[in-house]
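Structural description and commentary
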Amino acid sequence: MKRILTIQDISCVGKCSLTVALPVISAFGVETAVLPTAVLSTHTAFKGFTFRDLTSDMLPNAKHWKEQNISFDALYTGYLGSLEQVNIVTEIFKQFKTDDNFILVDPVMADNGKLYAGFDEDFAASMSKLCAHADIIVPNLTEASYLLGQEYKGDNYDEDYVKQTLKALTDLGAKKAVLTGISLEENQLGVYGYDRHKDTYFSYYREHIPVSFHGTGDVFASALCGALTIGKTLEESLKIAVDFTVDSISKTIDNPDRNWYGVEFEKALPNLIKSL
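The sections below set out a description of the structure shown in this document.

Parameters and conventions
- Residues numbered from 1 in each chain as written.
- Predicted model: local features only at pLDDT ≥ 70, side-chain atom pairs only at ≥ 80, totals over all residues.
- Heavy atoms only, no water.
- Helix = DSSP H or I, 4+ residues; strand = E, 2+ residues; numbered from the N terminus.
- Rg over C-alpha atoms; globule rule 2.2 N^0.38 Å.
- Buried < 20%, exposed > 50% of the residue type's maximum accessible area, 1.4 Å probe, protein only.
- Areas by Shrake-Rupley, 256 points an atom, 1.4 Å probe, with all protein chains shown as cover.
- Lys, Arg positive; Asp, Glu negative; His and termini not counted.
- Charge placed at Lys NZ, Arg CZ, Asp CG, Glu CD.
- Phe/Tyr/Trp six-rings, centres within 6.5 Å; stacked < 30°, edge-to-face > 60°.
- Axes fitted to C-alpha atoms, helices over the stretch in contact; angles between N-to-C directions.
- Left-handed = near helix turned anticlockwise from the far one by under 90°.
- Contact = heavy atoms within 4.5 Å.
- Nonpolar A, V, L, I, M, F, W, Y, C, P; charged D, E, K, R; others polar.
- Salt bridge = Lys/Arg side-chain N within 4 Å of Asp/Glu carboxyl O.

**Comments concerning the overall build of the protein**
For the protein, the count of helices and strands is nine helices and 11 strands. Expected size for 276 residues packed as a compact globule is a radius of gyration near 19 Å; at 18 Å, the protein falls within 12% of this value. Taken over the C-alpha atoms alone, the protein extends approximately 50 × 45 × 40 Å along its principal axes. The buried share of the protein, taken over its 276 residues, is 51%. Accessible area of the protein: about 13,000 Å², with a carbon and sulfur share of 48%. Across the protein, the 25 positively charged side chains and the 37 negatively charged ones have centroids separated by 4 Å.

What follows is the structure in structure tokens.
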């Protein structure tokens, strides 16, 4: 059985990070190993959440895995909460990267032109260095701007800008880059990717649903990593991940009694499994 290591926090209630990655990746028939970076009672949109930092446990856990000769077919990172954690993950990449596995980095740190609370330019520079160790990176346009030290254009971009940005992202070191949240036509939203080795571009769009839910980025990235791990091409994997994300949002909207804090991706898992 294939095995993915995912490194990110666990919000015990909130449908994001590890509580998304575990079930979604498992739906692909892939074993999911986890390295929690922190434990939160809920995600940060709740008031009064508790937080326990697990930074000091990260390298000892990795050391034990090495002693047990445990290996991974993929390493996938989501939200990392500090410069120290980014540096530790860099070391873990060096320990577990092989010629037969891949690294996917979702550089979760910004959106809508701004860094998330607690992050600064130094963190963005550190994340840029982490991306150099990845095979695939999946930033949004805001994150791409911070990774490259460029001005954020908002919605004022065209296809040439997207292509230039993707090439610049692979200049950081990753073999492939995917920009999420791309809209080049009205009422269409999707992803645009670039394979540096093949020098090819590809995109996939679905109808734009004008709502915003916490955790959809984790739904997308987890499905993408799962699909890649079972041998799907990047183009195939992006289609699977985008369709699953849209299906999750649609099923959430259809429920008038839905919770506010995340998407009902669980209801979309049967369709995801059928698509494989």
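**Quick word on the packing of aromatic side chains**
In total, this model carries 10 aromatic pairs according to the counting rule given. Ring geometry for tyrosine 192 and tyrosine 201: centres 6.4 Å apart, planes at 70 degrees, overall edge-to-face. Assessed through its relative accessible area of 4%, tyrosine 192 is described here as buried. We classify tyrosine 201 as partly exposed; its relative accessible area is 27%. Their ring planes at 85 degrees and their centres at 5.8 Å tell us that tryptophan 260 and tyrosine 261 sit as a pair that is edge-to-face.

**Some thoughts on the packing of helix α7 (residues 216-229) against helix α8 (residues 234-253)**
Two elements in contact, α7 and α8, have axes separated by 8 Å at closest approach and are oriented at 145 degrees. Crossing angle aside, the handedness with which α7 passes α8 is right-handed. Residues Thr216, Val219, Phe220, Ala223, Leu224, Ala227 and Leu228 of α7 form the contact with α8, whose own contacting residues are Leu234, Ser237, Leu238, Ile240, Ala241, Val242, Phe244, Thr245, Ser248 and Ile249. Residue composition of the contact of α7 with α8, by class: 13 nonpolar, four polar and no charged.

**Re the environment of alanine 33**
The residue alanine 33 is located in strand β2 (residues 31-42) in this model. Along the backbone, alanine 33 and phenylalanine 46 are 13 residues apart, and their C-alpha atoms lie at a distance of 27 Å. Discounting chain neighbours no more than four positions away, the residues touching alanine 33 are Arg3, Ile4, Leu5, Thr6 and Phe72.

**As for the pattern of salt bridges**
The tally for this structure, following the rule as stated, stands at 14 salt bridges. Aspartate 73 serves as the salt-bridge partner of lysine 2, at 4.0 Å between the closest nitrogen and oxygen. Highlighted residues: lysine 2 in the segment before β1 (3-13) and aspartate 73 in the loop between α2 (55-67) and β4 (74-77), separated in sequence by 71 residues. For lysine 2, a relative accessible area of 41% translates into the label partly exposed. With its nearest N and O atoms 3.8 Å apart, the salt bridge here joins lysine 167 to aspartate 199. Of this pair, lysine 167 sits in helix α6 (residues 159-171) while aspartate 199 sits in the loop between β10 (188-195) and β11 (200-207), and the two are 32 residues apart along the sequence. Exposure remark for aspartate 199: the relative accessible area of 46% places this residue in the partly exposed category.

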